[in-house]
Each structure stands twice: as structure tokens, then as C-alpha cells.
Amino acid sequence: MKCPYCGEENTKVIDSRPAEENNAIRRRRQCEKYKKRFTTYEKVESIPLIVIKKGNIRESYDRGKIEAGVLRSCHKRPVSYDQIVAVVEDVENAVFNMEKKEISSQVIGELVMERLKKLDQVAYVRFASVYREFKDVNTFMDELKKLLK
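Residues numbered from 1 in each chain as written. Predicted model: local features only at pLDDT ≥ 70, side-chain atom pairs only at ≥ 80, totals over all residues. Heavy atoms only, no water.

This paragraph deals with the pairing of strand β1 (residues 11–19). For β1 and strand β2 (residues 24–31), the ladder comprises 8 bridges, and the chain directions are antiparallel. Its bridge partner lying in β2, Ala19 is registered against Ala24. Between β1 and β2, which pair antiparallel and follow one another directly, the connecting turn spans 4 residues, one of which, Glu20, has a positive phi of 50 degrees. (Pairing = 2+ DSSP bridges. Helix = DSSP H or I, 4+ residues; strand = E, 2+ residues; numbered from the N terminus.)

What follows covers the sheet that holds strand β4 (residues 50–52). As summarised here, the arrangement of the 3 strands in space is β5-β4-β6, forming an open sheet in which the pairing is mixed. Strand pairing shows two members of the sheet lacking a second neighbour, β5 (58–60) and β6 (102–104), which therefore form its edges. On average, each strand axis in the sheet is inclined to that of its neighbour by 35 degrees, with strand direction left out of account. As defined by bridge partners, β4 adjoins β6 across 3 bridges and the pair is classed as parallel. Residue pairing across strands places Val51 opposite Ile103, the latter belonging to β6. Lying over the sheet, helix α3 (residues 105–119) contacts β4 and β6, oriented at roughly 60 degrees with respect to β6. (Axes fitted to C-alpha atoms, helices over the stretch in contact; angles between N-to-C directions. Contact = heavy atoms within 4.5 Å.)

So, about the packing of aromatic side chains. With the rule as written, the count across this model stands at 1 aromatic pair. Seen from their ring centres, Tyr61 and Phe96 are 5.3 Å apart, and the 85 degrees between their planes marks the pair as edge-to-face. Here Phe96 lies in helix α2 (residues 81–97) and Tyr61 lies in the loop between β5 and α1 (63–73), a separation of 35 residues in the sequence. A residue is classified by how much of its surface remains accessible, and Tyr61, at 16% relative accessible area, is buried. (Phe/Tyr/Trp six-rings, centres within 6.5 Å; stacked < 30°, edge-to-face > 60°. Buried < 20%, exposed > 50% of the residue type's maximum accessible area, 1.4 Å probe, protein only.)

With that settled, consider unusual backbone geometry. The backbone of Asn22 sits at a positive phi, close to 65 degrees, despite the residue not being glycine. With respect to the element layout, Asn22 can be found in the loop between β1 and β2. For Asn22, a relative accessible area of 63% puts it in the exposed group. Although it is not a glycine, Lys35 adopts a positive phi angle of roughly 65 degrees. Of the residues examined, Lys35 reaches a relative accessible area of 48% and is grouped as partly exposed.

For the rest of this paragraph, the subject is the packing of α2 against α3. When two helices pack together, their arrangement is given by the angle between the helix axes and by the axis-to-axis distance. For the pair α2 and α3, the least separation of the axes is 10 Å and the interaxial angle reads 145 degrees. In this structure, α2 crosses over α3, and the sense of that crossing is right-handed. Contacts between α2 and α3 involve Gln83, Val87, Asp90, Val91, Ala94 and Val95 from the former and Ile108, Leu111, Val112, Arg115 and Leu119 from the latter. Considering only residue class, the contact of α2 with α3 consists of 8 nonpolar, 1 polar and 2 charged. (Left-handed = near helix turned anticlockwise from the far one by under 90°. Nonpolar A, V, L, I, M, F, W, Y, C, P; charged D, E, K, R; others polar.)

Rendered as C-alpha cells:
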């Protein structure tokens with residue numbers, strides 16, 4: 001690993017430890033020439049994932065879109081940011097554990113709704129109303145009736 005300060009290729013690892021909930025390794029390194037220290041992170045390279053949206057439009061997977069949707073659904077609800085992050089990570093893990101190169105946005109949406117239903121029913125209904133594109137009050141009421149059963 002080259003030193004970012006001087007470009008020296010001779011560096012040594014001083015300390016290694018797990019990072020990002022054991023999804024990466026943080027290494028403290030030191031330049032042998034000038035004794036400057038720097039940090040590197042080692043992560044598993046993930047397979048690019050393509051999301052198939054409505055109308056067969058394909059785009060790269062973007063975790064931020066899931067997070068934004070969950071955040072909007074949980075707005076002014078008694079749900080902590082840590083709980084939101086846990087939902088997003090759980091959905092993301094489920095998606096990547098399917099080991100597919102392409103996945104429909106419908107599958108991702110269903111995974112999000114499944115988690116939100118357990119976390120906060122109002123957030124679930126909010127997400128479902130946008131995701132399932134409720135056309136009228138009757139569609140909304142049908143979803144509420146399912147939830148109340």
C-alpha cells in the first residue's frame with residue numbers, strides 16, 4: 001500500500017480491527033520512510049446489482065432510495081434512526097443474500113413493507129400507500145382492514 005503523503009510503497013500495518021459491523025477491516029499503517037500514519041479500509045467487493053423498475057426500466061441498486069423511503073414513512077413516528085438503519089440493513093442483506101444480478105423493485109418494496117409492518121403500522125401504511133399507489137380511499141381502507149385482522 002502506497003503512503004498517501006509521500007508515495008512510498010514500503011508501509012507496514014500497525015493495527016487491524018473489524019469495522020462497519022464486521023463488514024470491513026480497518027488497518028492503521030505507517031510509512032517506513034517518514035513514519036507518517038494513515039488508515040485504510042478493506043471491504044468485500046460486492047456484485048453490481050440491477051433493479052428492474054416498472055416499465056422494465058433498469059437502474060443500479062441504490063441503498064439511499066430505500067433509506068429515503070423508510071425515512072419518509074417514519075416521519076414524526078416514534079421510530080429511532082437506529083431502527084430505520086436496521087430496517088434498511090435487513091432489507092439490503094436479504095436482497096444481496098438472494099445472490100441475483102437483477103431484482104425487481106417490487107421484491108424490494110415487499111421486503112421493506114414486511115419489516116415496516118413489524119416496526120410501526122402507521123409507517124407501514126404510509127409506505128404501502130405510496131408503493132402500491134392507492135388510487136382511492138377504498139383501496140386504503142382495504143389495506144387497513146388487512147392490517148387490523
